There are 2 protein chains.
Amino acid sequence: MSEPTADAGPDNALAVLGMLAYSELAAFSRLAADATLAPSLDQRLELSRMAGMALERLEQVSDRVGELGGELQPVMQPFAGVLVEFDRRTEPSTWWERLLKAYVGYGVADDFCRMVAAPLDPTTRDLVVQVLGDDGHAGLVVTALSEAGAQDATLASRLALWGRRLVGESLGAVQGVLAAHPRMRDLLMQTMDDDVVPGEAQQRLFAVLTAEHSRRMERLGLTP
Amino acid sequence: MSEPTADAGPDNALAVLGMLAYSELAAFSRLAADATLAPSLDQRLELSRMAGMALERLEQVSDRVGELGGELQPVMQPFAGVLVEFDRRTEPSTWWERLLKAYVGYGVADDFCRMVAAPLDPTTRDLVVQVLGDDGHAGLVVTALSEAGAQDATLASRLALWGRRLVGESLGAVQGVLAAHPRMRDLLMQTMDDDVVPGEAQQRLFAVLTAEHSRRMERLGLTP
């Protein structure tokens, strides 16, 4: 608590860390569940290890929460419901849809987290950037998806459609977080240029999040 | 490969390590699945962390497999089906049954693994003992189960029954492994006293495994 913090203060930092911690816990559960459905033992090991890495990132976030005088469970609790609805609405029906959701489905949430972390104290901000930048073995997922898409045009167009569904539902989830957490709205306003009005902030946020999503889909060769 | 090995040789060591690795992967998947069903965020974090520890143990086993010149996936593969049938036959119907299965359901498999590891080279044997001894946060599970059982006699007697079911199915799984893997039968014979005949070995093994199971149930205050 003795560390100097930026204008946003430790309460804002704890809120962002709580959201990030919950997102990593959700990533862990999802990857572990995907692992049990993997078609081969190799892929099961791969996805289990990716799940393990999400858990390690959660521990890094937990350490920072402790440094700021918070406790993990209470700071995570307010975000516990956010992804439940998203997951219910985006249940993958094939192994490829599942992989795509693992890679792009949560990219929007990560980008949002990065943006609201920008006005936080430098230590917390750097941690958020580092945790979100550590995409584990995502490279392997990208390779598998691009290769599959390149070989099967029908699959590619189905996945492109699935990608649009995922981004739509993700933006809905972000909207839900902003509506329920005034602190997140404040942080978003601080991140944007000073001349932005509240109504515009969300519009601009969605434009940024959509552009980043399109960049990820292009990386996979899955453009509409 | 230059390391001196005991009479059992590296192939036997790789077989035991493969079985242990698969058992840790199964523990990881099971604990991660249990975590998503946990009634509170605290318990969900707890079980997720226990899953993460199973994965860390898997990595330790994987390192040793590499030292012995093996590869993880091929040595695990022969054991990939073992626990599927066990899990199908012992689907928990309540949260308490799930916790009991996490604690005692796999204890039999662990004890069996310890026994067939006894004749291996000292480095591998010590690793197996250490990996199986690292029961993570099992203490918390023991506390939760003993307290719940002490407060609710009906629950306690149901769980005692469930424990008997678990040990019966576990012994069936061990029998399946012995039937399918001659290497495991050899190791078991080496572990037993020299005067034992093959038919007796399994009988004695089952007596030891049942006694260890009873000890765990007593620790929980769940005696029939």
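It should be emphasised that the depicted structure is a prediction, and the values quoted were computed from it without experimental measurement.

Colleague: When you look at the overall build of chain A in this model, what are you seeing that I'm missing?
Modeller: Helix and strand content of chain A: 11 helices and 0 strands. Put simply, chain A runs from its N terminus to its C terminus through helices and strands in the order α-α-α-α-α-α-α-α-α-α-α. In terms of principal-axis extent, the alpha carbons of chain A reach across some 55 × 35 × 25 Å. Within the span of chain A, comprising 224 residues, buried residues form 53% of the whole. Taking the intrachain contacts of chain A between residues at least 6 apart in sequence as the baseline, contacts between residues at least 24 apart amount to 79%. Carbon together with sulfur atoms contributes 53% to the accessible area of chain A, which is approximately 10,000 Å² in total. A distance of 6 Å separates the average location of the 20 positive side-chain charges in chain A from that of its 32 negative side-chain charges.

Colleague: Would you take a moment to explain the packing of aromatic side chains for this structure?
Modeller: Two numbers describe a pair of aromatic rings. These are the distance of the centres and the angle of the planes. The tally for this structure, following the rule as stated, stands at 1 aromatic pair over all chains. When the centroid spacing of 6.0 Å and the interplanar angle of 85° are considered together, the rings of Phe28 of chain A and Phe28 of chain B count as edge-to-face. Of this pair, Phe28 of chain A sits in helix H1 (residues 9-37) while Phe28 of chain B sits in helix H1 (residues 9-37), which puts the two residues in different chains. What makes Phe28 of chain A buried here is its relative accessible area of 0%.

Colleague: Hey, could you run me through the pattern of salt bridges in this one?
Modeller: If the charged atoms of two oppositely charged side chains come close together, the side chains can form a pair. A full pass over the atoms with the stated rule returns 26 salt bridges over all chains. A salt bridge links Glu59 of chain A to Arg49 of chain B; the nearest nitrogen and oxygen atoms lie 2.6 Å apart. On the criterion of chain membership, the pair formed by Glu59 of chain A in helix H2 (residues 41-67) and Arg49 of chain B in helix H2 (residues 41-67) is interchain, its members lying in two chains. Where Asp87 of chain B meets Lys101 of chain B, a salt bridge forms, and the shortest distance between an N and an O atom there is 2.8 Å. Taken together, the residues span a long stretch of sequence, with Asp87 of chain B in helix H4 (residues 82-89) and Lys101 of chain B in helix H5 (residues 95-105) at a distance of 14 residues. Note on Lys101 of chain B: relative accessible area 4%, which makes it buried.

Colleague: Hey, could you run me through the interface of chain B and chain A in this one?
Modeller: Put simply, an interface is often sized by how much accessible area is lost when its parts join up. Residue-level contacts link 23 residues of chain B with 23 residues of chain A. Across the interface of chain B and chain A, roughly 1,900 Å² is buried in total on both sides, 67% from carbon and sulfur atoms. When the buried area of chain B at its contact with chain A is split by residue, Leu41, Arg44 and Arg49 of chain B rank highest and sum to 28% of it. Viewed at the interface, chain A and chain B are joined by 6 residue pairs in polar contact (both at pLDDT 80 or more). For the side of chain B that touches chain A, the secondary structure elements donating two or more residues are H1, H2 and helix H3 (72-76) of chain B. Counting residues per element, the side of chain B that touches chain A draws most heavily on H2 of chain B, at 12 residues. Partitioned by chemical class, the residues of the side of chain B that touches chain A number 12 nonpolar, 7 polar and 4 charged.

Colleague: Which parts of the structure should I look at to understand the environment of Val75 of chain A?
Modeller: Residue and element names in this part refer to chain A. Following the sequence through the fold, Val75 ends up in helix H3 (residues 72-76). Residues Val75 and Val177, spaced 102 residues apart in sequence, show a C-alpha to C-alpha distance of 14 Å. With residues near it in sequence (within four places) discarded, Val75 still touches Leu14, Gly18 and Val65.

Colleague: In this structure, what is going on with the environment of Leu47 of chain B? I would like to understand it.
Modeller: Residues and elements named next belong to chain B. Among the secondary structure elements, Leu47 is positioned in helix H2. Residue Leu47 is classed as buried on the basis of its relative accessible area of 4%. Residues Leu47 and Val141, spaced 94 residues apart in sequence, show a C-alpha to C-alpha distance of 9.6 Å.

Colleague: Would you explain the relation of the copies chain B and chain A in this entry?
Modeller: What connects the two chain copies is a rotation about an axis and a shift along it. Overlaying chain B on chain A yields an RMSD of 0.0 Å, the required transformation being a rotation through 180° with an accompanying axial translation of 0.0 Å. Taken together, the rotation angle and the small translation identify this as a two-fold axis. Residue Gly52 of chain B of chain B places its C-alpha closer to the rotation axis than any other residue of that unit, at 2.8 Å. An overlap of 100% is found between the interface residues of chain B and their copies at the interface of chain A, pointing to a shared contact surface.

Colleague: Whenever I open this one, helix H7 (residues 122-133) of chain A confuses me. Can you help?
Modeller: Since there are 3.6 residues in each turn of an α-helix, residues three or four apart along the chain are aligned in direction. Residues and elements named next belong to chain A. A rise of 1.5 Å per residue sets the reference length of H7, with its 12 residues, at 16 Å; its end C-alpha atoms lie 16 Å apart and thus fit the reference within 8%. Within the span of H7, buried status applies to Thr124, Leu127, Val128, Val131 and Leu132. Here the buried residues of H7 occupy an arc of 120° about the axis, which is enough to place them on one side. Where the residues of H7 are buried, they touch H1, H2 and helix H6 (107-117).

Colleague: Would you mind showing me how to read the packing of helix H5 (residues 95-105) of chain A against helix H9 (residues 153-180) of chain A here?
Modeller: Angle between the axes and distance between the axes are the two parameters that describe a pair of packed helices. Residue and element names in this part refer to chain A. With their axes 10 Å apart at the nearest point, H5 and H9 run at an angle of 45° to one another. Judged by the inter-axis angle, H5 sits oblique to H9. Here the hand of the crossing between H5 and H9 comes out right-handed. Along its contact with H5, which presents Trp96, Glu97, Leu100, Lys101, Val104 and Gly105, the element H9 presents Leu155, Leu159, Trp162, Gly163, Leu166 and Ser170. The residue makeup of the contact of H5 with H9, split by class, is 7 nonpolar, 3 polar and 2 charged.

How each quantity is defined
- Sequence order as written defines the numbering, with residues in each chain counted from 1.
- Chain letters start at A and ligand numbers start at 1, both assigned in the order the entries are written.
- Thresholds applied to this predicted model are a pLDDT of at least 70 for local features of residues and 80 or more for the giving and counting of side-chain atom pairs; totals over whole chains, interfaces and linings are not thresholded and use all residues.
- Note: side-chain values were computed over all heavy atoms of the structure, leaving out hydrogens and water.
- Here a helix means four or more residues in a row that DSSP labels H or I, a strand means two or more in a row labelled E, and each is numbered from the N terminus.
- Exposure categories follow from relative accessible area, calculated using a 1.4 Å probe and restricted to protein chains: below 20% of the type maximum is buried, above 50% is exposed, and the middle band is partly exposed.
- Every residue pair with non-hydrogen atoms within 4.5 Å of one another is taken to be in contact.
- Per-residue accessibility takes into account occlusion by the displayed protein chains alone, with areas from the Shrake-Rupley method and a 1.4 Å probe.
- For the purpose of charge, His is not counted, nor are the chain termini; Lys and Arg are scored as positive and Asp and Glu as negative.
- By convention, the charge on Lys lies at NZ, on Arg at CZ, on Asp at CG and on Glu at CD.
- Side-chain rings of Phe, Tyr and Trp, where Trp is taken by its six-membered ring, are said to pair if the distance between their centres is within 6.5 Å; with planes under 30 degrees apart they count as stacked, over 60 as edge-to-face, and otherwise as tilted.
- Every case where a carboxyl oxygen of Asp or Glu lies within 4 Å of a side-chain nitrogen of Lys or Arg is listed as a salt bridge.
- By definition, the buried area sums, over both parts, the 1.4 Å-probe accessible area that each loses when the two are put together.
- Polar contacts, as used here, are pairs of N or O atoms within 3.5 Å; protein pairs need one atom able to donate a hydrogen and one able to accept it. Residues neighboring in sequence count only if both atoms are side-chain atoms.
- Each residue gets one of three labels, nonpolar for Ala, Val, Leu, Ile, Met, Phe, Trp, Tyr, Cys and Pro, charged for Asp, Glu, Lys and Arg, and polar for the others, Gly among them.
- The copies were overlaid with a least-squares fit restricted to C-alpha atoms from residues scoring a pLDDT of at least 70 in each copy.
- A helix is expected to reach a length of 1.5 Å times the quantity of its residues less one.
- Taking the helix axis as origin, the arc is that swept by the directions to the C-beta atoms.
- Axes, fitted as lines to C-alpha atoms, cover a helix only where it is in contact. Angles between the N-to-C directions of the axes lie from 0 to 180 degrees.
- Here is the rule for angles: anything less than 35 degrees is roughly parallel, anything more than 145 is roughly antiparallel, 65 through 115 is roughly perpendicular, and the remaining ranges are oblique.
- Take the far helix as your reference; a near helix turned counterclockwise from it by less than a right angle gives a left-handed crossing, and one turned clockwise gives a right-handed crossing.

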